[in-house]
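# Examining the three-dimensional arrangement
Residues per chain, in single letters:
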Amino acid sequence: MLLRIRSKEGMSRIQVEPTDTFASLAEKIASTLKLDNADTIAVGNQPSPDSATPIVQLKEKTIGSTELKHGDIVYYHRGSSSSSSTAAAQQPKPKDSSGYIPIDDLQSIKQDEVDNFLEKQRGLIKRPRDTDFCRHGDNAMCDYCMPLEPYDQRYLEENKIKHMSFHAYLRQIGAAKQTSAPSSDVLKQLPPLEEPNYKVKVPCTGGHAPWPEGICTKCQPSAITLQRQTYRMVDHIEFSSAGLIDTFLNSWRSTGCQRIGYLYGRYEPFGSPFGIKAVVEAIYEPPQEDHVDVAEACGLSIVGMLFTDFDDDGTGKGTVFPKRHVDSYFYLLLNRKPSVMRVHESVSHERYVPEVFYKSRMNIM
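Residues numbered from 1 in each chain as written. Predicted model: local features only at pLDDT ≥ 70, side-chain atom pairs only at ≥ 80, totals over all residues. Heavy atoms only, no water.

## Structural notes on the overall build of the protein chain
In terms of helices and strands, the protein chain carries 10 helices and 12 strands. Of all 365 residues assigned to the protein chain, the portion counted as buried reaches 32%. Of the roughly 23,700 Å² of accessible surface on the protein chain, 52% is carried by carbon and sulfur atoms. (Helix = DSSP H or I, 4+ residues; strand = E, 2+ residues; numbered from the N terminus. Buried < 20%, exposed > 50% of the residue type's maximum accessible area, 1.4 Å probe, protein only. Areas by Shrake-Rupley, 256 points an atom, 1.4 Å probe, with all protein chains shown as cover.)

Below is the structure:
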């Protein structure tokens, strides 16, 4: 009889006999999937890992003693090599080496309060009744006055919004999935964002030698196309007081030395569809000293970094050369390195993204 083995690498086919034991099946699965230890295999008849049974509990059973038939699908999951299912259940779920978080754990991720608020909003853009084209009463609606989706391209262009908001982008992806498969419950459960994977699939079921000796269209990565990011994580940044900037600049004005500071504040909803703004309440200049974390007690966190990059014009009036304007794109390497490192460290946790390193809301000014 033929059994189909479903795993992350795809579908594999294994020939077995009803008199074969599950220990024999495990060895064949390990050989097919290039696994070092067959005792780590767990199998089940459902895609969920929670319904899988460790192979060590089924070693003595024969395949004929179960309800498996010719052509059935057996789902492979990586389990524990321990023979005790109780001990295995007590082990915490490890994250994948690639950074993936199990889908079941995404709902327990602690998000920013602004994300919890925005994900509950419908986010439609209301439009007034068009006096030229609407032919209905005040309580009716037509194509000329019905609300627009927050990702409507025409609305974004008319209002000169270059990048849509992050939550608007999520709604756009969700709408595209519902259009392609409106009745799919699986797509509704999957997180909408995923880090692209350009690795060669190993092993491949194409019947050729494994990579790098062989490659085919099934295992080769898709083509890479560079394009501008269509959304942004933060749509606006504002300072609660103009004195924050003046205080920060006073050190440069008196010494001529460049300064760096951490922006402490919070995230709030912004006026654009599903917009997010960072409100800066304080600027902290390192080096830091041991002290009580008063920022967290005040409900604040680091939302960005601020650099000075001025050249005194020599007049002694505290004025600088006007080198920053709409056509200026220069960014000093001295400032770029620490800012990029900080952005990489400051990941923004979302239950929509299975990778912990997908994005950051750190603002660099």
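That covers the picture; the talk isn't over yet.
## Remarks on the state of the cysteines
Under the counting rule described, the total for this entry stands at zero disulfides. In this structure cysteine 216 is a free cysteine whose sulfur lies 3.6 Å from that of cysteine 204, the closest cysteine sulfur available. (Disulfide = S-S within 2.5 Å.)

## A short note on a nonpolar patch on the surface
A contiguous nonpolar surface patch, about 370 Å² in accessible area, is contributed by Tyr198, Ile224 and Leu226. Looking at the element boundaries, tyrosine 198 is found in the loop between α7 (185-189) and β7 (231-232). (Patch = residues over 30% accessible without salt bridge, like charges linked within 9 Å, V, L, I, M, F, W, Y side chains within 5 Å. Salt bridge = Lys/Arg side-chain N within 4 Å of Asp/Glu carboxyl O.)

## As for the sheet that holds strand β2 (residues 10-15)
Read from one edge of the open sheet, five strands run β2-β1-β5-β3-β4, paired in mixed fashion. Here the strands that pair on one side only, and so sit at the sheet edges, are β2 and β4 (53-54). One ladder, built from four bridges, connects strand β3 (residues 41-44) with strand β5 (residues 73-78); its direction is antiparallel. Note on β5: the bridge partner recorded for glycine 44 is tyrosine 75. Each of β1 (2-7), β2, β3 and β5 touches helix α1 (residues 22-33); the most contacted strand, β2, lies at about 135° to it. (Pairing = 2+ DSSP bridges. Contact = heavy atoms within 4.5 Å. Axes fitted to C-alpha atoms, helices over the stretch in contact; angles between N-to-C directions.)

## Some thoughts on the sheet that holds strand β9 (residues 260-270)
Pairing is mixed across the open sheet formed by five strands, whose spatial order is β8-β10-β9-β11-β12. Only two strands of the sheet have a single partner each, and these edge strands are β8 (236-239) and β12 (363-364). Where strand β11 (residues 301-307) meets β12, two bridges bridge the pair, whose relative direction is parallel. Note that in β12 the partner of methionine 305 across the bridge is isoleucine 364. Lying on the sheet, helix α8 (residues 243-255) is in contact with β8, β9, β10 (275-284) and β11; it crosses β10 at an angle near 45°.

## Examining the packing of aromatic side chains
All chains considered together, the criterion is met by three aromatic pairs. A ring pair is formed by phenylalanine 133 and tyrosine 144, whose centres lie 4.9 Å apart and whose planes are at 15°; its orientation type is stacked. With phenylalanine 133 in the loop between α4 (113-118) and α5 (153-158) and tyrosine 144 in the loop between α4 and α5, this pair connects stretches of sequence that are 11 residues apart. Phenylalanine 133 sits in the partly exposed class, given a relative accessible area of 48%. Each ring, one from tyrosine 169 and one from tyrosine 231, has its centre 4.3 Å from the other, and the planes form 20°; the classification is stacked. In this pair, tyrosine 169 sits in helix α6 (residues 166-180) while tyrosine 231 sits in strand β7, placing the two residues 62 residues apart along the sequence. What makes tyrosine 169 buried here is its relative accessible area of 18%. Members of the aromatic cluster, each reached through a chain of ring pairs, are Phe166, Tyr169 and Tyr231. (Phe/Tyr/Trp six-rings, centres within 6.5 Å; stacked < 30°, edge-to-face > 60°.)

## Focus on the pairing of β3
The alternating pattern of β3 places Ile41 and Val43 and Ala42 and Gly44 on opposite faces, both of which are buried. Strand direction decides the pairing type here: β3 and β4, joined by two bridges, are antiparallel. Looking at the pairing, alanine 42 lines up with proline 54 of β4.

## Description of the pairing of β9
Alignment of β9 against β11, held across six bridges, turns out to be antiparallel. Residue pairing for β11: tyrosine 264 is matched across the bridge by isoleucine 302. The pairing of β9 with β10 spans nine bridges and is classified as antiparallel. By the bridge assignment for β10, tyrosine 267 is matched with alanine 278. Counted between consecutive antiparallel strands, the loop separating β9 from β10 contains four residues, among which phenylalanine 274 sits at a positive phi close to 60°.

## Comments concerning unusual backbone geometry
With omega at 0°, the peptide bond leading from valine 202 into proline 203 counts as cis. In the segment running from tryptophan 211 into proline 212, the intervening peptide bond is cis, with an omega of 15°. You can see proline 212 is positioned in the loop between α7 and β7. The phi dihedral of lysine 160 falls on the positive side, at around 55°, and the residue is not glycine. Here lysine 160 is to be found in the loop between α5 and β6 (164-165). Of the residues examined, lysine 160 reaches a relative accessible area of 77% and is grouped as exposed.

## Digging into the pattern of salt bridges
Enumeration according to the criterion identifies nine salt bridges in this entry. One salt bridge in this structure joins lysine 28 and aspartate 20, with 3.7 Å as the shortest N-O distance. Glutamate 281 serves as the salt-bridge partner of arginine 266, at 2.7 Å between the closest nitrogen and oxygen. Taken together, the residues span a long stretch of sequence, with arginine 266 in strand β9 and glutamate 281 in strand β10 at a distance of 15 residues.

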